[in-house]
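# Descriptive analysis of the structure
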Amino acid sequence: MSLKSYIITRIILALPMILILLIMIFFILRIIPGDPVLAILGGKAPIEVIEAKRHELGLDKPIVVQFLDYLKDVAKGDLGVSTLTNRPVWSEIKDRFPATLELTIFSFIFALIIGIFWGAEAAWRKDKSLDISARVYSIFIYAVPVFWLGLMLQLLFGIYLRWLPVGGRLSPRVSLDIKTGLLLLDSILNWNWEAFWDVLKHLLLPGITLGLVISSIFLRMVRNNTVLMLSKDFVKAAKARGLKPKVILYGHAVRNAFVPIFTIMGMQFALLLAGAVLTETTFSWPGIGSYLVLKIKYRDFPAIQGTIIFFAIFVVIISIIIDIVNALVDPRVRY
């Protein structure tokens, strides 16, 4: 099967997966305790007002009719209207997603730097102190809850040392003309360096928190695969030719170890979005994760369903991109 046929097949197979997810979310939301009308109006609203609001939202219809109506709207690309803000869900997701994307990219780069360099050096010095410390670190940091780690960093760098802000994306005193929603990029496009440093300071704590947690996976993957590559004959041949250790390690061992790591990295990038839910809540980061938490609190069914569908489509896109990159990096890969 060619790569093009494989991608088309993956897209077709993703459709029933997204449909099953949509069905599960739709019915689970209506089974669990909590009334979206009471969440909006409060428990003391007159019964007539509650019933009128229920009729306005279409919640007085049979649940199967509600589902079919929603399915028809989704098929037309309409994720519905938020019951809390009365705005289109897609518009709200578009407003929030750049903040999450910026946080995810920063965390991913931070995790890659730790994972690649520490993992490679640990593999080169197998069973030495650097290798042992890398293994202990990866186990410890993976076991630490991301929200607890975030709170500790907030206490240390935000409260006691007062080096970094503990929440938000931009200080109120700093103005910035927002074009893309990615504030670091916007500050560069505007040549606004005051805003750039302010955005970067706001990004450091949540980005490092999320990056530290995910770095443990990269570190172990790079370390283990590099150890395997260092035992191969082509590495022994490189040593026999007298190549420098850094060239052997990064130019031969790590480079060849990266092929199986690409898949894990891609999936971790998608999973960072899930980790961003807790991180954004901890740091009051106005992204899609904190948006989802807010909508769950107020039982905003269309917004919750729309956000989860958006997550699912994003994961599918990332997995397809990984397959394409794998095929380009390693010509031996065939589908």
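Throughout what follows, the structure given in this document is the object of discussion. (Residues numbered from 1 in each chain as written. Predicted model: local features only at pLDDT ≥ 70, side-chain atom pairs only at ≥ 80, totals over all residues. Heavy atoms only, no water.)

### Describing the side chain of Ser138
How we decide: Numbering of helices and strands runs from the N terminus; a helix is a DSSP stretch of H or I covering at least four residues, while a strand is a stretch of E covering at least two. Contacts are assigned to residue pairs with any non-hydrogen atoms lying within 4.5 Å of each other.
Residue placement: Ser138 occurs in helix α6 (residues 129-143). If near-sequence neighbours (up to four positions away) are discounted, Ser138 is found in contact with Ser216 and Arg220.

### What to know about helix α9 (residues 193-230)
The line we're drawing: Here the expected length of a helix is defined as 1.5 Å per residue gap, with one fewer gap than residues. A residue's bend is simply the angle between two axes: one fitted to the seven residues ending at it, one to the seven starting at it. With a 1.4 Å probe rolled over the protein chains alone, any residue whose accessible area is under 20% of its type maximum counts as buried; one over 50% counts as exposed, and the rest are partly exposed.
A rise of 1.5 Å per residue sets the reference length of α9, with its 38 residues, at 56 Å; its end C-alpha atoms lie only 44 Å apart and thus fall more than 12% short of the reference. At Leu204, α9 shows its largest bend, some 40 degrees, and a proline, Pro206, comes one to four positions later. Among the 38 residues of α9, 28 are classified as buried, and the element is accordingly described as predominantly covered.

### Thoughts on the pattern of salt bridges
Selection rule: Salt bridge, as used here, is a side-chain nitrogen of Lys or Arg placed within 4 Å of a carboxyl oxygen of Asp or Glu.
Overall, the coordinates contain 14 salt bridges when judged by the stated rule. The salt bridge involving Arg173 is made with Glu194; its shortest N-O contact spans 3.4 Å. Of this pair, Arg173 sits in the loop between α7 (146-160) and α8 (183-189) while Glu194 sits in helix α9; the two residues are 21 residues apart in sequence, bridging distant segments of the chain. Salt bridges here are not isolated pairs; linked through shared partners, they connect Asp127, Asp131, Arg135 and Arg223.

### Considering the environment of Ile188
One can find Ile188 in helix α8. A C-alpha to C-alpha distance of 29 Å links Ile188 and Val315, two positions 127 residues apart in sequence.

### Digging into the packing of aromatic side chains
Here is the rule we go by: We call Phe, Tyr and Trp rings a pair once their centres come within 6.5 Å, taking the six-membered ring for Trp, and we label the pair stacked below 30 degrees between planes, edge-to-face above 60, and tilted otherwise.
In this structure the tally under the stated criterion is 14 aromatic pairs. Between the aromatic rings of Phe97 and Phe314, the centroid separation amounts to 5.6 Å while the plane-to-plane angle is 70 degrees, which identifies the pairing as edge-to-face. Placement of the pair is Phe97 in helix α5 (residues 89-124) and Phe314 in helix α13 (residues 301-329), with a sequence separation of 217 residues. What makes Phe97 buried here is its relative accessible area of 14%. Ring centres of Phe108 and Phe218 lie 5.6 Å apart, and the angle between their planes is 85 degrees; on these two criteria the pair is classed as edge-to-face. Here Phe108, found in helix α5, pairs with Phe218, found in helix α9; they are 110 residues apart in sequence, far enough to count as distant.

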